[in-house]
Protein chains: 2
Amino acid sequence: MPQLQRIAIAPSQFQQGQISLTKEQQHYLGRVLRLREGDRFIAMDGRGKWWLAQLAAEQAEVLEPLAVATELPVSITLMVALPKGNGFDEVVRCCTELGVACIAPVLSDRTLLNPSPQKLERWRRIAAEAAEQSERSFVPTILEPVAFNSAVTADATTQRYICEARGEYPHLKHLINSVSTEIIVATGPEGGWTEKEIENAIAAGFQPVSLGRRILRAVTAPVVALTLISASCEV
Amino acid sequence: MPQLQRIAIAPSQFQQGQISLTKEQQHYLGRVLRLREGDRFIAMDGRGKWWLAQLAAEQAEVLEPLAVATELPVSITLMVALPKGNGFDEVVRCCTELGVACIAPVLSDRTLLNPSPQKLERWRRIAAEAAEQSERSFVPTILEPVAFNSAVTADATTQRYICEARGEYPHLKHLINSVSTEIIVATGPEGGWTEKEIENAIAAGFQPVSLGRRILRAVTAPVVALTLISASCEV
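Residues numbered from 1 in each chain as written. Chains lettered and ligands numbered in written order. Predicted model: local features only at pLDDT ≥ 70, side-chain atom pairs only at ≥ 80, totals over all residues. Heavy atoms only, no water.

## Brief notes about the packing of aromatic side chains
Each aromatic ring pair is characterised by the separation of its centres together with the angle its planes make.
Line of reasoning, step 1. All told, the structure shown has eight aromatic pairs over all chains when counted by the stated rule.
Line of reasoning, step 2. Taking 4.6 Å as the distance between ring centres and 70° as the angle between the ring planes, the aromatic pair formed by Phe88(A) and Trp123(A) counts as edge-to-face. Placement of the pair is Phe88(A) in helix α2 (residues 87–97) and Trp123(A) in helix α3 (residues 117–133), with a sequence separation of 35 residues. Of the two residues, Phe88(A) and Trp123(A), both sit in the buried class.
Line of reasoning, step 3. Ring centres of Trp50(B) and Phe138(B) lie 5.1 Å apart, and the angle between their planes is 15°; this geometry places the pair in the stacked category. One end of the pair, Trp50(B), is in strand β5 (residues 50–55); the other, Phe138(B), is in the loop between α3 (117–133) and β9 (141–142), with 88 residues separating them in the sequence. (Phe/Tyr/Trp six-rings, centres within 6.5 Å; stacked < 30°, edge-to-face > 60°. Helix = DSSP H or I, 4+ residues; strand = E, 2+ residues; numbered from the N terminus. Buried < 20%, exposed > 50% of the residue type's maximum accessible area, 1.4 Å probe, protein only.)

## Quick word on the interface of chain B and chain A
Line of reasoning, step 1. Taken together, the 34 residues of chain B in the interface contact 34 residues of chain A.
Line of reasoning, step 2. Interface of chain B and chain A: buried area, both sides summed, is about 2800 Å²; carbon and sulfur atoms make up 47% of it.
Line of reasoning, step 3. Contact with chain A buries area across many residues of chain B, yet Glu97(B), Arg213(B) and Arg214(B) alone supply 26% of it, more than any other trio.
Line of reasoning, step 4. On the surface where chain B and chain A come into contact, there are eight salt bridges.
Line of reasoning, step 5. For the pair chain B and chain A, the number of links is 24 residue pairs in polar contact (both at pLDDT 80 or more).
Line of reasoning, step 6. Listing elements by their share of the side of chain B that touches chain A, those giving two or more residues are α2 (87–97) and α7 (221–233) of chain B.
Line of reasoning, step 7. Among the elements that take part in the side of chain B that touches chain A, α7(B) stands out by supplying seven residues, more than any other.
Line of reasoning, step 8. Its residues placed into classes, the side of chain B that touches chain A shows 12 nonpolar, 10 polar and 12 charged. (Contact = heavy atoms within 4.5 Å. Buried area = accessible area lost by both parts, 1.4 Å probe. Salt bridge = Lys/Arg side-chain N within 4 Å of Asp/Glu carboxyl O. Polar contact = N/O pair within 3.5 Å; in protein donor to acceptor, adjacent residues only side chain to side chain. Nonpolar A, V, L, I, M, F, W, Y, C, P; charged D, E, K, R; others polar.)

## With respect to the sheet that holds strand β1 (residues 6–8) of chain A
Adjacent strands of a sheet form backbone hydrogen bonds with each other and so pair up, either parallel or antiparallel.
All names here are of chain A.
Line of reasoning, step 1. One open sheet accounts for six strands, arranged β1-β4-β5-β6-β3-β2; its pairing is mixed. Whereas interior strands pair on both sides, the edge strands pair on one side only; in this sheet they are β1 and β2 (14–15).
Line of reasoning, step 2. Alignment of β2 against strand β3 (residues 18–20), held across two bridges, turns out to be antiparallel. When the sheet's bridge partners are listed, phenylalanine 14 is paired in β3 with isoleucine 19.
Line of reasoning, step 3. Sheet strands touched by helix α1 (residues 23–32): β1, β3, β4 (40–44) and β5 (50–55). Its angle to β1, the strand with the most contacts, is close to 170°. (Pairing = 2+ DSSP bridges. Axes fitted to C-alpha atoms, helices over the stretch in contact; angles between N-to-C directions.)

## Considerations on the relation of the copies chain B and chain A
Line of reasoning, step 1. Expressed as a screw transformation, the operator carrying chain B onto chain A has a rotation angle of 180° and an axial translation of 0.1 Å, and the superposed copies differ by an RMSD of 0.1 Å. Read as a symmetry element, the transformation amounts to a two-fold axis.
Line of reasoning, step 2. Both copies present the same face, since 100% of the interface residues in chain B are matched by interface residues at the equivalent positions in chain A. (Least-squares fit on C-alpha atoms with pLDDT ≥ 70 in both.)

## A few points about α3(B)
All names here are of chain B.
Line of reasoning, step 1. Between its first and last C-alpha, α3 extends 25 Å over 17 residues, near the 24 Å set by a 1.5 Å rise per residue.
Line of reasoning, step 2. Along α3, the residues that are buried comprise Leu120, Trp123, Ile126, Ala127, Ala130 and Ala131. Viewed along the axis of α3, the buried residues span an arc of 130°, placing them on a single side of the element. For α3, exposure combined with an orientation more than 90 degrees from the buried face picks out Pro117, Gln118, Glu132 and Gln133.
Line of reasoning, step 3. On its buried face, α3 sits against α2, β8 (102–107) and β9.
Line of reasoning, step 4. Following α3 by one or two positions, glutamate 135 adopts a phi angle in the positive range, close to 65°. (Expected span 1.5 Å × (residues − 1). Arc of directions from axis to C-beta.)

## Thoughts on the packing of α2(B) against α7(B)
Residues and elements named next belong to chain B.
Line of reasoning, step 1. One way to put it is that α2 packs onto α7 with a least axis distance of 9 Å and a crossing angle of 10°. In terms of their interaxial angle, α2 and α7 are classed as roughly parallel. Facing α2, whose interface residues are Val91, Cys94 and Cys95, α7 presents Pro222, Val223 and Leu226.
Line of reasoning, step 2. For the contact of α2 with α7, the class distribution of residues is six nonpolar, no polar and no charged. (Parallel < 35°, antiparallel > 145°, perpendicular 65-115°, else oblique.)

## Considerations on the side chain of Thr187(A)
Line of reasoning, step 1. Relative to the assigned elements, Thr187(A) resides in strand β12 (residues 182–187).
Line of reasoning, step 2. Owing to a relative accessible area of 0%, Thr187(A) belongs among the buried residues under this scheme.

## Quick look at the sheet that holds β5(B)
Residue and element names in this part refer to chain B.
Line of reasoning, step 1. Read from one edge of the open sheet, six strands run β1-β4-β5-β6-β3-β2, paired in mixed fashion. Both outer strands of the open sheet, β1 (6–8) and β2 (14–15), are each paired with one neighbouring strand and no more.
Line of reasoning, step 2. Sheet analysis places β1 next to strand β4 (residues 40–44), joined by three bridges and oriented parallel. When the sheet's bridge partners are listed, isoleucine 7 is paired in β4 with alanine 43.

## A look at the domain arrangement of chain A
Residue and element names in this part refer to chain A.
Line of reasoning, step 1. Domain annotation of chain A identifies domain 1 (6–66) and domain 2 (75–233).
Line of reasoning, step 2. Look at where the C-alpha atoms of domain 1 and domain 2 centre, and you get two points 24 Å apart.
Line of reasoning, step 3. Roughly 730 Å² of surface becomes buried between domain 1 and domain 2 when both sides are summed, with 66% attributable to carbon and sulfur atoms.
Line of reasoning, step 4. Linking domain 1 with domain 2 are zero salt bridges, by the criterion used here.
Line of reasoning, step 5. For the pair domain 1 and domain 2, the interface holds zero residue pairs in polar contact (both at pLDDT 80 or more).
Line of reasoning, step 6. Mapped by element, the contributors of at least two residues to the side of domain 1 that touches domain 2 are β1 and β4.
Line of reasoning, step 7. Here the side of domain 1 that touches domain 2 is built from residues that sort into five nonpolar, one polar and two charged. (Domains from an automatic or database assignment.)

Below is the structure:
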């Protein structure tokens, strides 16, 4: 199974076998995903079309269309505060089964420990196994853990949600916009996000949402959020 | 937290402080739940009203109305084929957080082992802990394991789904009828239900449904099914 990175493009960016990349996409491919010219990645148009592409300077060449019967038509990034113990293993496994494109572990004010590099390797191995078992076409990307406040930068092109149990926020089910091509959803640590974290996220364009009236554990909330988003977007 | 059994009633069954019980409800309370005259249980009308009731012969006396801010307006029974190892612990924990009313472990053609009585005690303890942590008002009932084919008896009053990964079944999200007061959802073992089990379930009024295009593990499917049903029914 190819371990290729994926990005969402607007259908209009694909023309005559080429994909013209926005400045943000160039930055994401080069600086965040660390791809170089000639490297391959997946471009998806959010309407169920996927292409294998090869990075050039400010554009990418389309090599071939891809068959993606088991992949979602949207790119979902799960930003998840690292839970205690080995709970993150199960989050990676379940969310991979549910079609997540990228998992971004974050350190929050209430996260206790910075994980060892061995943990990251372990999560990537779990994601690869789960992708294969669930018959996905691609393995989700697991990013290196970063501080939550540095991860929530403003970007108007993606739909963004932050899940919070306390507070009278609307249920995520009412807000999912299934025509989006990129969705980011953030779930908190044991004890929830701090007020300041919620404020920062809202300032960066995240919509605070509820996942229901009961208090979910930090390892259950990501699975519930992914289930609701993937079911809503599945064609 | 009271460990009381719950049953769903039609609003018309509640009159002047009394609940008239149907023959099926009398059977369920007496034979399945093993309550005797004078025992207490919860009656819920599927529209968000709950009462503490006391069993008499063919009726029940209402003792007091109950406040249920964190409980679902429907009674969801999860019928789940026992997975290998300790996977069921996590199913009980997550589904309790998601508002399940009753968990019925079943032995399927592909279930390897009949669990020990200690397991049942363990699951009930986990359900009680999870109900408390998720701030629910009630602890879900965990029934004793029975064979799947004896558990799927016909009953026209409940909505019934059987989840199956293979086969071109409609997605559960399209079929949930959120005005139901009682829903049963069945999820299978590793390797899925046998053809004969699916046929028996369909004959008993179960609708076969899909949970999406990817293959979910036996421990993920119940959480996904519960998430979709509870989100759809949550007021």
